[in-house]
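In case you want the letters, here they are:
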Amino acid sequence: MSHLAAAPAPSVRVRAPGKINLTLRVGPVADDGYHPLVTVFQAVALHEEITATEVPEGAGISLTVEGPQADRVPLDSSNLAWQAVEAIARHVGLDPSVALHIAKGVPVAGGMAGGSADAAATLLACDALWGTALPREELAGLAATLGSDVPFALLGHTAVGTGRGHLLTPAMTRGEFHWAFATRDDGLSTPAVYRRFDELTGPTAPSVDDADDNGLMQALRAGDPTALGEALQNDLEAAALDLRPELARTLQIARDGGALGVMVSGSGPTVAALARSRQHALALAATWTAEDAADAVWCTTAPAPGARVL
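In this text, all values refer to a predicted model and were calculated from it rather than measured experimentally. (Residues numbered from 1 in each chain as written. Predicted model: local features only at pLDDT ≥ 70, side-chain atom pairs only at ≥ 80, totals over all residues. Heavy atoms only, no water.)

Caption draft 1: Up close: the overall build of the chain. Along its length, the chain carries 10 helices and 12 strands. Since a compact globule built from 310 residues should have a radius of gyration of about 19 Å, the 20 Å found for the chain is in line with a globular shape. Looking at the chain as a whole, 50% of its 310 residues qualify as buried. In the chain, the proportion of contacts linking residues at least 24 apart, taken out of those at least 6 apart, comes to 76%. Placing the 20 positive and 35 negative side-chain charges of the chain at their respective mean positions leaves the two points 5 Å apart. (Helix = DSSP H or I, 4+ residues; strand = E, 2+ residues; numbered from the N terminus. Rg over C-alpha atoms; globule rule 2.2 N^0.38 Å. Buried < 20%, exposed > 50% of the residue type's maximum accessible area, 1.4 Å probe, protein only. Contact = heavy atoms within 4.5 Å. Lys, Arg positive; Asp, Glu negative; His and termini not counted. Charge placed at Lys NZ, Arg CZ, Asp CG, Glu CD.)

Caption draft 2: Representation of the pattern of salt bridges. Here the structure, examined in full by the defined rule, presents 10 salt bridges. Between Glu199 and Arg196 there is a salt bridge; the shortest N-O distance is 2.8 Å. Residue Glu199 and its partner Arg196 are located together in helix α5 (residues 190–201), separated by 3 residues, close to a single helical turn. Put simply, Asp242 and Arg196 hold a salt bridge, and the shortest N to O gap is 2.5 Å. Placement of the pair is Asp242 in helix α8 (residues 237–243) and Arg196 in helix α5, with a sequence separation of 46 residues. Connected via shared salt-bridge partners are Arg13, Arg15 and Glu49. (Salt bridge = Lys/Arg side-chain N within 4 Å of Asp/Glu carboxyl O.)

Caption draft 3: View of the sheet that holds strand β9 (residues 261–264). The strand order across the open sheet formed by 4 strands is β9-β10-β7-β11, and the pairing between neighbours is antiparallel. Since the sheet does not close on itself, it has two edges, and those belong to β9 and β11 (296–302), each with one partner. Put simply, the sheet's adjacent strands are angled 20° from each other on average, direction ignored. Across the sheet, helix α10 (residues 278–290) is in contact with β7 (177–183), β10 (271–275) and β11; its angle to β7 comes to roughly 10°. (Pairing = 2+ DSSP bridges. Axes fitted to C-alpha atoms, helices over the stretch in contact; angles between N-to-C directions.)

Caption draft 4: Molecular detail of the packing of aromatic side chains. Under the definition given, this model contains 2 aromatic pairs. Measuring from centroid to centroid gives 4.8 Å for Phe41 and Phe152, while their planes differ by 15°, and the two rings are stacked. Of this pair, Phe41 sits in strand β2 (residues 37–53) while Phe152 sits in helix α4 (residues 150–155); the two residues are 111 residues apart in sequence, bridging distant segments of the chain. With respect to class, Phe41 is no different from Phe152; both count as buried. A ring pair is formed by Trp179 and Phe181, whose centres lie 6.2 Å apart and whose planes are at 10°; its orientation type is stacked. The ring of Tyr34 is capped by Arg164, whose NZ or CZ atom sits 4.4 Å from the centre of that ring. (Phe/Tyr/Trp six-rings, centres within 6.5 Å; stacked < 30°, edge-to-face > 60°. Lys NZ or Arg CZ within 6 Å of the ring centre and 35° of its normal.)

Caption draft 5: Structural context of the side chain of Gln42. By the secondary structure assignment, Gln42 is in strand β2. What makes Gln42 buried here is its relative accessible area of 0%. A polar contact of 3.0 Å, which involves the side chain of Gln42, links it to the side chain of Thr158. (Polar contact = N/O pair within 3.5 Å; in protein donor to acceptor, adjacent residues only side chain to side chain.)

Caption draft 6: Examining the packing of helix α2 (residues 114–130) against helix α3 (residues 136–146) more closely. Where α2 contacts α3, the two axes come as close as 10 Å, and the packing angle between them is 140°. Comparing their axes, α3 and α2 come out oblique. As α2 packs across α3, the resulting crossing turns out to be right-handed. Of the residues in α3, those in contact with Ala119, Leu123, Leu124 and Asp127 of α2 are Arg136, Leu139, Leu142, Ala143 and Leu146. Looking at the contact of α2 with α3 residue by residue, the class counts come to 7 nonpolar, no polar and 2 charged. (Parallel < 35°, antiparallel > 145°, perpendicular 65-115°, else oblique. Left-handed = near helix turned anticlockwise from the far one by under 90°. Nonpolar A, V, L, I, M, F, W, Y, C, P; charged D, E, K, R; others polar.)

What follows is the structure in C-alpha cells.
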C-alpha cells in the first residue's frame, strides 16, 4: 500500500513595511478625543511577514510569532493581526478561521507601526487566501477601522497623512535615504505621550492647518538628505523626552556622530537618525551600542513598498 503525503494546506505570504514619521504635527485634542494630525509617513525596509494558512471551517484563529522581541507580541484577540482577520471575515461574510504566522522585522512598541504592518499584511493575505479580491480602496477602508497607521502600511512609499493620520495622499520622492534606529526594550505608551503633550501645550497647541512642510516636501522631491535632515519635525518629541529623559543622550550621540537629522520617532521611544550613507548609518548604530545608549540598533533604507503578496 502506498502512503501518499497529504498536500500542504493552501497558504499566502505577505510582506509589509514599518514606518517613520518624517514630520508629525499635532493639534489640540478635538471633541472626539482624537488629536488632528498632519504627518509625512515614509515606509522603511524593515518588514513584517505574515503567512496565512487555510484551516478547517470553525477551527478559529491561531497565531504564532518568530523573530526579534517575539516574546513581547500578544497571541490573542488583542493582536491587530487577529483583529484584521475578524474585520475582513465580517466584511465578506466568511468564517474567521485561519492560522497566522508572523515573522517580525520591525521593533516592538517603538513607534514604527509593526503591529499596523501585521494588520495590513493580514488583510491582504486573507483576501488572497479566501479569493475575495477586494479593491485596494475597500481594504484601505477596513484598514482605517483597525488603526490610524494601518492604511499607510498597505500603501507604503511616502505619503502625507491627515485626520488621525489615516487619510493619505501619496508624495513624490527621489532616491534612497539611509536610517539608523536606536530602540528600547521598554516601550512608551502612545496615550501617555499624548496626555503629556496636552499637559505641556495646554490649549495653546497650534492648529495643524498652519503646518508648513514645504521644505521637507522639496527635500524629498530633490532626493536631498541634508535638506531632509534639517526639515525633520516631531511635535511629540518634547513629551516623549519629558517621560523618558535618557532619550536626550541618545539624540545627542547621533548629533555628535554627524547625523543629518535626528528625532524621536512617532510617540517613541525609538530614536531615528538620518545618515549620509549606509556606512554612516552603521557607524551611528555602532556608537549607540558602544555608548550603551540603546537596547538594540537597526539600520535600513527608505522609502519601501507597501504590503504585497510574495
